Amino acid sequence: MNIESYSLEELENLCEEIRHEILRVVSKNGGHLSSTLGATELIVAMHVVFDSKKDPFIFDVSHQSYAHKLLTQEWKKFDTLRQFHGMCGYTKPSESEDDYFVAGHSSTSISLGVGAAKAIALKGEQEERIPVVMIGDGSMTAGMVYEALNELGDRKYPLVIILNDNEMSISKPIGAMSRMLSSAMASPFYQKFKKNTESFVDNFGEGARYIAKRMEESLKLITPGLMFEEMGINYIGPVDGHNLGQLIDIFQKAKKLGQPVIIHAQTLKGKGYDIAEGKEEKWHGVGPFDISDGHSIKKSSTKSATQIYTDALMHLAKHNEKIVGATAAMPSGTGLTPLMELYPTRFWDVAIAEQHAVTSMSALAKEGFKPFCTIYSTFLQRGFDQVIHDTCLMDLPVVFALDRAGIVGEDGETHHGVFDISFLRAIPNMTLFAPRDEKSFHQAMAFAAEYQHPCSLRYPRGSFTPTDLSESTPFELAKSQLLRSNESDILFIGYGNGVGRAYETAKELDEDVNILDLRFVKPLDEDMLRDLTTKHKKWFVFSDSSKMGGVGSAISEFLAKEKILDITLESFEYEDSFITHGNTKLVEESLGLLPTQLATKVKELL
């Protein structure tokens, strides 16, 4: 959509149309809402001043990029947002040439912007190009941002960074004075005056330079940009992120600077939808809801694994004051909010800082506390080195509670929790186990609370797949539980929620098969496995995890070590490819992982 020739009134009307469309589609499909509604004017102004066909448009996390998608793709396609084979909820270059980079995890945007700026400088292209980054204030809590800013301030590449502050966490605007200063600091006159003054003052003695520096610092102190200016990056703001005319004016001036510049824009989350306006976390990401009252349409009567985790941890924390915990900007999603409210000095949201979460919990473990580091499986990838260096190398008893293990549905490839078993299993001193239902989850948590070494337990988004198998027994290190035993040659081995999948698959078969709840994938229950090799020769593995380095791989390594050659082993884990977004059942069907499909595969293999 070419909007460069639109009048200001037409652009403002367009913003309202975009908000209406976002609200309509997200209420139907679910998705990210409050932040993307608030970013509408910023994105429209970006498209007026810059060209996404040549200027790299880089959205941090990119959950706030819906307006960008509407401006660069067909509106009718937006109806398929987050649907299987539909539009991705994040930027995705394979979907649109206007999406510069894949995004889904936080705080990568400025590093990408610096890299793009370097490439543009090295190419020496005739056509002027400039990277444009949009980053939220929440993403500014991660260390990678400051690594990028540190280099950018030193090298001075042309780069426009739009800081979308929708929580007023950095500063509050100072009325008319702030607006005047923001516009003035963006102007060529001020930039030229500043440069000439610096050059002029350098010709005088220390006294004159000291006075000039104090005057400049006095001006900065009435703006919130002191830190950025000290890093060598121009700062403009705070500006009204909903004043489209002012945004266009400032973006145009920033574009002409030829230097790195941060534009600090303040926006209102949920702008245009009264029910969602403000800071309520629940409107950050939503399922389908009724626009008229904001009530959720899909309500599950089954207790989620996250709720079970909250209940179990609450019980443990009540009886053991040494139990503490942290999450990285996901208190509601991980179920830690009730514990933070009840025990504010023992449970913390450390912001988008997984590395810090892991390392700080390791220090607490060294001091004799029992930390539960509660993180989505996909986000622990960001703290991998810290798990090795700061937890496992010291053999510290930190519990890593990994929510959203397996396919998470509509958030897609950047959020599926498929790699944790593969990367954690390789780390010395790390123990891995998983519950299969509510009772076994409480038992797994009780085991974790007493275990004096690093360990990780994983559990799915939503609810466990129910079974009517044998009741769970207390967890013991490296001990599995045989749930169904008979004379069949077939053994189904389930891990975590994979036990439910094994059970559902078994119901589709003509014969009664054996079912083992593996429980521990590291260390394995070698005694049980060794015994089962003498009774059952056809083994099938069920786990919501990557096949490479996963549960089947661990069992295969055991069989190879024991030189057991007469076992046929087939793993129904995820193949070596990134998994698309969409309704979980449809995604699993596309992978051939529905119980009916798996039963057919078992029959064929037999």
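As a reminder, the structure under discussion sits directly above these lines.
Residues numbered from 1 in each chain as written. Predicted model: local features only at pLDDT ≥ 70, side-chain atom pairs only at ≥ 80, totals over all residues. Heavy atoms only, no water.

Enquirer: Would you explain the nonpolar core in this entry?
Expert: Inside soluble globular proteins, nonpolar side chains tend to come together where they are buried. Within the largest apolar cluster, 51 residues are counted, with the highest numbers of intra-cluster contacts made by Ile-22, Leu-33, Val-44, Val-160, Phe-251 and Ile-263. In terms of residue count, helix 1 (residues 8-29) provides more of this core than any other element does, eight residues in total. Look past the residues within four positions of Val-44 in its chain and what remains in contact with it is Ile-3, Leu-11, Cys-15, Ile-18, Leu-71 and Leu-244. By size, the runner-up hydrophobic cluster in this structure holds 43 residues, among which are Val-358, Cys-373, Met-430 and Trp-539. (Core = buried A, V, L, I, M, F, W, Y, C linked by side-chain atoms within 4.5 Å. Buried < 20%, exposed > 50% of the residue type's maximum accessible area, 1.4 Å probe, protein only. Helix = DSSP H or I, 4+ residues; strand = E, 2+ residues; numbered from the N terminus. Contact = heavy atoms within 4.5 Å.)

Enquirer: Got a minute to help me understand unusual backbone geometry in this structure?
Expert: Glycine aside, residues mostly have negative phi angles, and peptide bonds mostly take the trans form. Of note, the bond from Gly-237 into Pro-238 is cis; its omega dihedral lies within 30 degrees of zero at 0°. Residue placement: Pro-238 occurs in strand 5 (residues 234-240). Unusually for a residue other than glycine, Val-61 sits at a positive phi of about 65°. Residue class for Val-61 comes out buried when judged on its relative accessible area of 11%. Phi angles above zero are rare outside glycine, and Ala-329 is one such case at about 70°. Among the structural elements, Ala-329 can be located in the loop between strand 8 (323-327) and helix 13 (337-342).

Enquirer: What should I look at first to understand a nonpolar patch on the surface in this one?
Expert: A cluster of nonpolar residues, Tyr-100, Phe-101 and Val-102, forms a patch on the protein surface that exposes about 270 Å² of accessible area. Summarising the element assignment, Phe-101 is placed in the loop between helix 4 (66-72) and helix 5 (109-123). Overall, the relative accessible area of 42% leaves Phe-101 in the partly exposed class. (Patch = residues over 30% accessible without salt bridge, like charges linked within 9 Å, V, L, I, M, F, W, Y side chains within 5 Å. Areas by Shrake-Rupley, 256 points an atom, 1.4 Å probe, with all protein chains shown as cover. Salt bridge = Lys/Arg side-chain N within 4 Å of Asp/Glu carboxyl O.)

Enquirer: Where do I start with the pairing of strand 13 (residues 455-458) in this structure?
Expert: Where a strand is regular, its side chains alternate between the two sheet faces. Both faces of strand 13 are covered, namely the face carrying Cys-455 and Leu-457 and the face carrying Ser-456 and Arg-458. Relative to strand 13, strand 11 (residues 399-403) runs parallel, the two sharing four bridges. Paired with Phe-400 across the strands is Ser-456, a residue of strand 13. (Pairing = 2+ DSSP bridges.)

Enquirer: I would appreciate a short explanation of the packing of aromatic side chains in the present structure.
Expert: Think of a pair of aromatic rings as described by two things: how far the centres are apart, and how the planes are tilted against each other in angle. Evaluated as defined, the whole model comprises 25 aromatic pairs. Taken together, a centroid distance of 6.2 Å and an interplanar angle of 80° make the contact between Phe-419 and Phe-578 edge-to-face. Here Phe-419 is found in the loop between strand 11 and helix 17 (420-424), whereas its partner Phe-578 is found in the loop between strand 19 (568-574) and helix 22 (584-590), with 159 residues between them in sequence. Note on Phe-419: relative accessible area 30%, which makes it partly exposed. The exposure class assigned to Phe-578 is exposed, which follows from its relative accessible area of 64%. Taken together, the ring pairs in this structure connect Phe-433, Phe-447, Tyr-451, Phe-475 and Phe-520 into an aromatic cluster. (Phe/Tyr/Trp six-rings, centres within 6.5 Å; stacked < 30°, edge-to-face > 60°.)

Enquirer: What am I meant to see in the sheet that holds strand 19 here?
Expert: Where strands meet in a sheet, backbone hydrogen bonds hold them as pairs that are either parallel or antiparallel. Taken in spatial order, the five strands line up as 14-16-15-18-19 in an open sheet, and their pairing is mixed. A single partner strand is all that each edge strand has here, and the edge strands are strand 14 (481-484) and strand 19. Pairwise comparison of adjacent strand axes, ignoring direction, gives a mean angle of 25° for this sheet. Relative to strand 16 (residues 514-517), strand 14 runs antiparallel, the two sharing three bridges. Note that in strand 16 the partner of Leu-482 across the bridge is Leu-516. Against the sheet, helix 19 (residues 498-507) engages strand 14, strand 15 (490-494), strand 16 and strand 18 (538-546), with an angle of about 135° to strand 18. (Axes fitted to C-alpha atoms, helices over the stretch in contact; angles between N-to-C directions.)

Enquirer: Got a minute to help me understand the environment of Lys-547 in this structure?
Expert: Structurally, the position occupied by Lys-547 is in the loop between strand 18 and helix 21 (551-561). In this structure Lys-547 comes out as partly exposed when scored by relative accessible area, which is 24%. Counting along the chain gives 183 residues from Lys-547 to Leu-364, while the straight-line C-alpha distance between them is 34 Å. In this structure, Lys-547 is in contact with Ser-553, Ser-571, Glu-573, Tyr-574 and Glu-575, ignoring residues within four places of it in sequence. There is a polar contact of 3.3 Å between the side chain of Lys-547 and the backbone oxygen of Ser-571. (Polar contact = N/O pair within 3.5 Å; in protein donor to acceptor, adjacent residues only side chain to side chain.)

Enquirer: What should I look at first to understand helix 23 (residues 595-605) in this one?
Expert: Owing to its 3.6 residues per turn, the α-helix aligns residues three or four sequence positions apart on the same side. Residues of helix 23 that are buried: Leu-598, Ala-599 and Val-602. Around the axis of helix 23, the buried residues are gathered within 105° of arc, so they sit on the same side. Buried residues belonging to helix 23 abut strand 15, helix 19, strand 18 and strand 19. (Arc of directions from axis to C-beta.)

Enquirer: Would you explain the environment of Leu-257 in this entry?
Expert: As for its position among the elements, Leu-257 is in helix 11 (residues 244-257). A relative accessible area of 15% places Leu-257 in the buried class. Taking the C-alpha atoms as reference, Leu-257 lies 16 Å from Gly-113; in sequence the two are 144 residues apart.

Don't take any of this as a statement about function, it's just geometry.
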